Amino acid sequence: MRSLNYRILLRREPEGGYTVTVPTLPGCVTFGETVDEAIAMAREAIELYIEGMLARGEEVPTEEGLLEYTLTVEAHA
């Protein structure tokens, strides 16, 4: 067993709580009422996602070699 690292994005929802997405794992989305709960739910969702991929004999995507940068752009109305 090897350790894999994945970025998660937490979005605060207007009705409360946080939606979590995992950009490297398409469709891997979960929710938590608090940041801590959202992170715990994300860990479980990622583990289940990978387990399903392995069961189907699919290659598990990783973030090795990934470069990340945030751009700021001007939006003109």
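In this text, all values refer to a predicted model and were calculated from it rather than measured experimentally. (Residues numbered from 1 in each chain as written. Predicted model: local features only at pLDDT ≥ 70, side-chain atom pairs only at ≥ 80, totals over all residues. Heavy atoms only, no water.)

1. Observations regarding the nonpolar core
Of all hydrophobic cores here, the largest spans nine residues; its members are Y6, V22, L25, C28, A45, I46, I50, M53 and V60. Aside from chain neighbours lying at most four places away, what touches I50 is L4, Y6 and V60. (Core = buried A, V, L, I, M, F, W, Y, C linked by side-chain atoms within 4.5 Å. Buried < 20%, exposed > 50% of the residue type's maximum accessible area, 1.4 Å probe, protein only. Contact = heavy atoms within 4.5 Å.)

2. Describing helix α1 (residues 35–55)
With 21 residues, α1 extends 30 Å between its outermost C-alpha atoms, agreeing within 8% with the 30 Å of an ideal straight helix rising 1.5 Å per residue. All buried positions along α1 are accounted for by A38, A42, A45, I46, I50, G52 and M53. Within α1, the buried residues cover an arc of 155 degrees as seen down the axis, which keeps them to one side. Pointing more than 90 degrees away from the buried face of α1 are the exposed residues D36, R43, E51, L54 and A55. Looking at the buried side of α1, the elements it contacts are β1 (9–12), β2 (18–21) and β3 (29–32). (Helix = DSSP H or I, 4+ residues; strand = E, 2+ residues; numbered from the N terminus. Expected span 1.5 Å × (residues − 1). Arc of directions from axis to C-beta.)

3. Some points on the pattern of salt bridges
This model, assessed by the stated rule, comprises four salt bridges. When salt bridges with common partners are traced through the structure, they connect R7, E63 and E68 into a single cluster. (Salt bridge = Lys/Arg side-chain N within 4 Å of Asp/Glu carboxyl O.)

4. Details of the side chain of E63
Inspection of the secondary structure assignment puts E63 in the segment after α1. Of the polar contacts made by the side chain of E63, one reaches the side chain of T24; its length is 2.6 Å. E63 has contacts with N5, Y6, R7 and T24, leaving out every residue within four places of it along the chain. (Polar contact = N/O pair within 3.5 Å; in protein donor to acceptor, adjacent residues only side chain to side chain.)

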